[in-house]
Amino acid sequence: MKSKILTIVKELEFVPLEEIALILNRFGGVQKKTLKSNIQELEEEKALFKILPNENSLSCEGFISGPNFEVEEDFETKRLIVSEFPARDLPMINWSLLSQRISKELLEEVESLKEDILKKSCAPEELEMRYFDLSLRYHESYRFFYEKNSTEPLASIKEKLSECKIYLDKLEY
């Protein structure tokens, strides 16, 4: 199902959840809970980004491809979309608002990591793994927004990650 969802997003570029469900129902149906679970996993993998109503010109929630978006060709799904969904105007995405939201979420996680490092609330190895995960997410976001918008909202995250690395280097294993 994830592959079909990614193909739908690839073909339509911006798609609300209801349209994803509508298209998947043409292939025999899908339970809403299963669809939401798959969407959530794709968001966590950063294959998809959720776009909030205030972040696009259609004022509706939808999804676009994220920094880790990869999909193999699914000609059956592509054929259905082309035949049943005529070309449409794409909404304008407010990249500035989206990058601010993504940056804020990431910054909160980095600050939480910094607190945990200072409190030594977890094993050093666990803290280091969180650091590397957040560092990877920072670089993915930077690459994604570099092509679309200013990366300025991400600057404070880089500084906080550097601080975390300094504190991690001081921990004893």
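So, a few notes on the structure that sits alongside this text. No experiment lies behind these values; they were computed from the predicted model shown.

### Focus on the overall build of the protein chain
Secondary structure summary: the protein chain contains 7 helices and 2 strands in total. Of the regular secondary structure in the protein chain, the N- to C-terminal order runs α-α-α-β-β-α-α-α-α. The C-alpha extent of the protein chain, read off along each of the three principal axes, is 60 × 30 × 25 Å. Residue pairs at least 24 apart in sequence account for 69% of intrachain contacts in the protein chain once pairs closer than 6 positions are excluded. Total accessible area on the protein chain is roughly 10200 Å²; 50% of this is exposed by carbon and sulfur atoms. The protein chain carries 25 positive and 34 negative side-chain charges, and their two centres are separated by 2 Å.

### Considering the nonpolar core
Counting residues in each nonpolar core, the largest one holds 21 residues, and the members touching the most others are I5, I8, I20, L35, I39 and L48. Contacts of I39, omitting those with residues within four sequence positions, involve I5, L17, I20, L48 and F63.

### A look at the pattern of salt bridges
By the definition in use, this model includes 13 salt bridges. The partner of K2 in a salt bridge is E45, with the nearest N and O atoms 3.3 Å apart. In this pair, K2 sits in helix α1 (residues 2-12) while E45 sits in the loop between α3 (32-44) and β1 (48-51), placing the two residues 43 residues apart along the sequence. Linking R137 and E109 is a salt bridge whose minimum nitrogen-to-oxygen distance equals 2.8 Å. Of the two residues, R137 sits in helix α6 (residues 124-146) while E109 sits in helix α5 (residues 95-119), which places them 28 residues apart along the sequence. Judged by relative accessible area, E109 falls into the partly exposed class, the value being 34%. Linked by salt bridges that have partners in common, K2, E41 and E45 make up one network.

### Brief notes about the packing of aromatic side chains
Taken as a whole, this structure holds 7 aromatic pairs when the rule is applied. Here the aromatic rings of F144 and F145 are separated by 5.1 Å at their centres, their planes lie at 85°, and the arrangement is edge-to-face. A connected cluster of aromatic rings, assembled from ring pairs, spans F49, W95, F144 and F145. The positively charged end of K4 is found above the aromatic ring belonging to F27, 4.3 Å away from the centroid. We note K148 situated over the ring of F144; from NZ or CZ to the ring centre the distance is 4.9 Å.

### Let's talk about the packing of α6 against helix α7 (residues 155-170)
It is the contact of α6 with α7, at a shortest axis distance of 11 Å, that shows an interaxial angle of 160°. Comparing their axes, α7 and α6 come out roughly antiparallel. Seen along the crossing, α6 lies across α7 with a hand that is left-handed. Facing L127, E128, Y131, L134, S135 and Y138 of α6, the residues of α7 in contact are I157, K158, L161, C164, K165 and L168. Taken together, the residues that form the contact of α6 with α7 break down as 8 nonpolar, 1 polar and 3 charged.

### What about the side chain of R101?
Structurally, R101 can be placed in helix α5. Taking the relative accessible area as the measure of exposure, R101 reaches 18% and is therefore buried. Apart from residues no more than four positions distant in its own chain, R101 is found in contact with K50, I51, L52 and E55.

### Things to note about the packing of α1 against α3
Packing of α1 against α3 brings their axes to within 10 Å, and their N-to-C directions diverge by 70°. Viewed along their axes, α1 and α3 adopt a mutual orientation that is roughly perpendicular. Here α1 contributes K2, I5 and L6 to the contact with α3, which in turn contributes L35, N38, I39, E41 and L42. A breakdown of the residues in the contact of α1 with α3 according to their chemical character gives 5 nonpolar, 1 polar and 2 charged.

Parameters at a glance
Residues numbered from 1 in each chain as written. Predicted model: local features only at pLDDT ≥ 70, side-chain atom pairs only at ≥ 80, totals over all residues. Heavy atoms only, no water. Helix = DSSP H or I, 4+ residues; strand = E, 2+ residues; numbered from the N terminus. Contact = heavy atoms within 4.5 Å. Areas by Shrake-Rupley, 256 points an atom, 1.4 Å probe, with all protein chains shown as cover. Lys, Arg positive; Asp, Glu negative; His and termini not counted. Charge placed at Lys NZ, Arg CZ, Asp CG, Glu CD. Core = buried A, V, L, I, M, F, W, Y, C linked by side-chain atoms within 4.5 Å. Buried < 20%, exposed > 50% of the residue type's maximum accessible area, 1.4 Å probe, protein only. Salt bridge = Lys/Arg side-chain N within 4 Å of Asp/Glu carboxyl O. Phe/Tyr/Trp six-rings, centres within 6.5 Å; stacked < 30°, edge-to-face > 60°. Lys NZ or Arg CZ within 6 Å of the ring centre and 35° of its normal. Axes fitted to C-alpha atoms, helices over the stretch in contact; angles between N-to-C directions. Parallel < 35°, antiparallel > 145°, perpendicular 65-115°, else oblique. Left-handed = near helix turned anticlockwise from the far one by under 90°. Nonpolar A, V, L, I, M, F, W, Y, C, P; charged D, E, K, R; others polar.

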